[in-house]
Amino acid sequence: MPLGLVPLQAPGIMWYVSTRGMAPRIDFEEALFSGYAPDGGLYMPEELPQLGRETLHEWSTLSYPSLVKELCSLFIGPELIPRDDLNDLIDRAFSRFHHREVVHLSRLRNGLNVLELWHGVTYAFKDLSLCCTAQFLQYFLEKRKRHITVVVGTSGDTGSAAIESVQGAKNVDIIVLLPKGHCTKIQELQMTTVLRENVHVFGVEGNSDELDEPIKTVFADVAFVKKHNLMSLNSINWSRVLVQIAHHFFAYFRCAPSLDMHPLPPVEVVVPTGAAGNLAAGCIAQKMGLPIHLVVAVNSNDIIHRTVQWGDFSLSKAVKPTLASAMDIQVPYNMERIFWLLSGSDSQVIRTLMEQFERTKSVSLPKELHSKLSEAVTSQSVSDEAITQTMGRCWQENQYLLCPHSAVAVSCHYQQVDRQQPSPPRCCLAPASAAKFPEAVRAARLTLDTPAEILALEHKEARCTPMRKGDDWTRMLRDTIEDLSQQWQRRFLNLPA
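Note that residues are indexed from 1 along each chain, following the sequence as it is written. With pLDDT at 70 or above as the cut-off, local features in this predicted model cover only qualifying residues; side-chain atom pairs require 80 or more to be listed or tallied, and sums for whole chains, interfaces and linings still use all residues. To get the side-chain values, take all heavy atoms of the structure and skip hydrogens and water.

- Looking at an unreviewed UniProt entry, the protein carries the name Threonine synthase-like 2, with the source organism given as Bos indicus x Bos taurus.
- UniProt positions are given in the numbering used here, feature names are shortened, and annotations may be inferred rather than shown by experiment. The record held by UniProt for the protein lists under Sequence similarities (unreviewed entry) the comment "Belongs to the threonine synthase family."
- What UniProt states about the protein under its Cofactor (unreviewed entry) heading is, verbatim, "pyridoxal 5'-phosphate".

1. Here's the deal with the packing of helix α12 (residues 303–310) against helix α15 (residues 367–376)
In step 1: Working convention: axes come from line fits to C-alpha atoms, limited for helices to the stretch in contact. Angles between N-to-C directions cover 0 to 180 degrees. Working definition: helices are DSSP H or I runs of at least four residues, strands are E runs of at least two. Numbering for both runs from the N terminus. Contact pair α12 / α15: the axes reach a minimum separation of 7 Å and the direction vectors enclose 110°. For the element pair α12 / α15, the angle class is roughly perpendicular. Across the interface between the two elements, Thr307, Val308, Gln309 and Trp310 of α12 pack against His370, Leu373 and Ser374 of α15.
In step 2: Across the contact of α12 with α15, the residue classes break down as 3 nonpolar, 4 polar and no charged. Our angle categories are set so that under 35 degrees counts as roughly parallel, over 145 as roughly antiparallel, 65 to 115 as roughly perpendicular, and the remainder as oblique. Note on contacts: a residue pair qualifies if any of its non-hydrogen atoms lie within 4.5 Å across the two residues. When residue character is reported, Ala, Val, Leu, Ile, Met, Phe, Trp, Tyr, Cys and Pro are called nonpolar, Asp, Glu, Lys and Arg charged, and the others, Gly included, polar.

2. Some details on the nonpolar core
In step 1: The criterion is simple. A nonpolar core is a set of buried Ala, Val, Leu, Ile, Met, Phe, Trp, Tyr and Cys residues joined through side-chain atoms within 4.5 Å. Burial classes: relative accessible area under 20% of the type maximum marks a residue as buried, over 50% as exposed, and values in between as partly exposed (1.4 Å probe, protein chains only). Counting residues in each nonpolar core, the largest one holds 119 residues, and the members touching the most others are Phe136, Ile245 and Phe249.
In step 2: It is helix α10 (residues 238–255) that contributes the most residues to this core, 12 residues altogether.
In step 3: Discounting chain neighbours no more than four positions away, the residues touching Ile245 are Leu71, Phe75, Trp238, Ala281, Ile284, Ala285 and Met288.
In step 4: Counting 32 residues, the second-largest nonpolar core is a separate cluster that includes Val270, Ala386, Tyr414 and Ala434.

3. What to know about the sheet that holds strand β12 (residues 292–298)
In step 1: If DSSP finds at least two bridges between two strands, the strands pair. Pairing within the open sheet is mixed, and its 6 strands lie in the order β5-β6-β16-β11-β12-β15. Looking at the sheet topology across the chains shown, the edges are occupied by β5 (104–107) and β15 (377–381). For this sheet the average axis-to-axis angle between neighbouring strands, irrespective of direction, equals 25°.
In step 2: Sheet topology places β5 next to strand β6 (residues 113–116); 4 bridges connect them, and they run antiparallel.

4. Some words on the sheet that holds strand β17 (residues 465–467)
In step 1: The sheet built from 5 strands is open, its strands ordered β10-β7-β8-β9-β17 with parallel pairing. On the outer flanks of this sheet lie β10 (230–232) and β17, each paired with one strand and no other. When the angles between neighbouring strand axes are averaged without regard to direction, this sheet yields 25°.
In step 2: Where strand β7 (residues 148–153) and strand β8 (residues 172–179) come together, 6 bridges link them in parallel fashion. Within β8, the position partnered with Val150 by the bridge is Ile174.
In step 3: The sheet contacts of helix α20 (residues 473–492) involve β7, β8, β9 (199–204), β10 and β17, and relative to β8 the element is tilted by about 160°.

5. What about the pairing of strand β11 (residues 267–272)?
In step 1: With 6 of 6 residues buried, β11 is to be regarded as a mostly interior element.
In step 2: Because side chains alternate across β11, one face comprises the buried residues Val267, Val269 and Val271, and the other comprises Glu268, Val270 and Pro272, equally buried.
In step 3: Pairing of β11 with β12, which is carried by 6 bridges, proceeds in the parallel orientation. From the neighbouring strand, Val271 faces β12, where its bridge partner is Val296.

6. Quick look at the pattern of salt bridges
In step 1: A carboxyl oxygen of Asp or Glu within 4 Å of a side-chain nitrogen of Lys or Arg is what we treat as a salt bridge. Evaluated as defined, the whole model comprises 17 salt bridges.
In step 2: With its nearest N and O atoms 2.8 Å apart, the salt bridge here joins Glu336 to Arg20. With a gap of 316 residues between them, Glu336 in helix α13 (residues 335–342) and Arg20 in the loop between β2 (16–18) and α1 (28–32) connect regions that are remote in the sequence.
In step 3: You can call Arg20 buried: its relative accessible area is 2%.
In step 4: Of the charged contacts in the structure, one is a salt bridge between Asp302 and Arg306, with a shortest N-O distance of 2.9 Å.
In step 5: A network of salt bridges, in which partner residues are shared, links Arg20, Glu336 and Glu358.

7. Quick notes on helix α14 (residues 347–360)
In step 1: Relative to the 20 Å expected for 14 residues at 1.5 Å per residue, α14 spans 20 Å between its end C-alpha atoms, a close match to the ideal helical length.
In step 2: Among all positions in α14, only Ser347, Ile350, Leu353, Met354 and Phe357 are buried. Axial view of α14: buried residues confined to an arc of 130°, hence all on one face. In α14, those exposed residues whose orientation departs by more than 90 degrees from the buried face are Gln348, Thr352 and Arg359.
In step 3: Just downstream of α14 lies Lys361, where phi reads positive at about 60°. By this rule, a helix spans an expected 1.5 Å times one less than how many residues it contains. It is the directions from the helix axis to the C-beta atoms whose arc is reported.

Here is the structure:
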């Protein structure tokens, strides 16, 4: 069934459907508590609200939190979370951010606009969507008197932001698998030093794609997932993509020259990405009527770049470790959402495509889908050398320190500037603070003024259970989940331990 585009005032509940078309449609609450759909697809809104010029005008002066409220109210609906409750949840989600604006636009030399998405507690953009998602979860859990166990595989920032968003919550336990030695020391410490009773961290002897395997195996056991109320907070979760749509609206409104022009002026948004959640959010914003051009910027792990350029959606032989380590990802699962969106929500095409990809790890996009993708998005792949050069140049020109992931986006900006071609205003999304990546800062021969909270991590007690090569990771994960369920039942029924 093709994706509906509905005027903003459309009444009724917002429904969610699987990209593969074989699962029943569900509401926001069910989508929030789901990872993959039962047919292996990802949930997407059945209809996208269309925003006219008038609404864009009204929204153009809103703060970032107010934009999040407007977007969430469209995609959640007052029958599930009344608007006053929604406003309170979002205010609570952003209450511990370091910057009063929550996100901040830095305007630098040579038309460089950097949207800082990293003012949350863990200094990464994932704080924005995960803090909101955790508030929504707790709202429904308290209402339904339920407990869940969240299972997260992380390449660096997701784990710490997920832990931060739910630590101490009485209805939630969180299990995080981190790739030992594959994320920075700071990222690891942000996870292993949270000694709350509901936080359980495992250090896996493998990379982030390898640690996803036991998680996928556990989630494929539908009866087990149901019995233990399991869910994921990776960016397969629709709620995270939803909050990220606001980044694109905020970037547009802060960088567009004027909203009085006909047609509305375009703005280019440069999205550095690994799993493509932020890119999927941008494609949805485009479909809703926001006049943005999307540039996707990746590191040497270039599957998204190859897909945009040549329709070649295929795995490389191995993940290449780069300075932008949180983007060292082979399987950008949110591309499935983008393919579905651009195919006119043709779930049959997507099911065939993704099932072939799962079997052979390589597909060529159908010609029509590839041409839609290259109309919606342009792409670049950025080497480690270009990352350090960009960090150096940005410091030299602005005394402004970029993290290596933000440098991937800004590298695209500098390439355009150096070509001296006219282009629309451009906004580069900055997903993390340089303070989290001292190794990359040193590689760029720069120095770092590290925030006190990050320095303090070194001296905290850490707790982490090893998952060694040769261990049965799936069994260890299942055993932990079963133990947590039993503990919750004892607590809930007030039984002795």
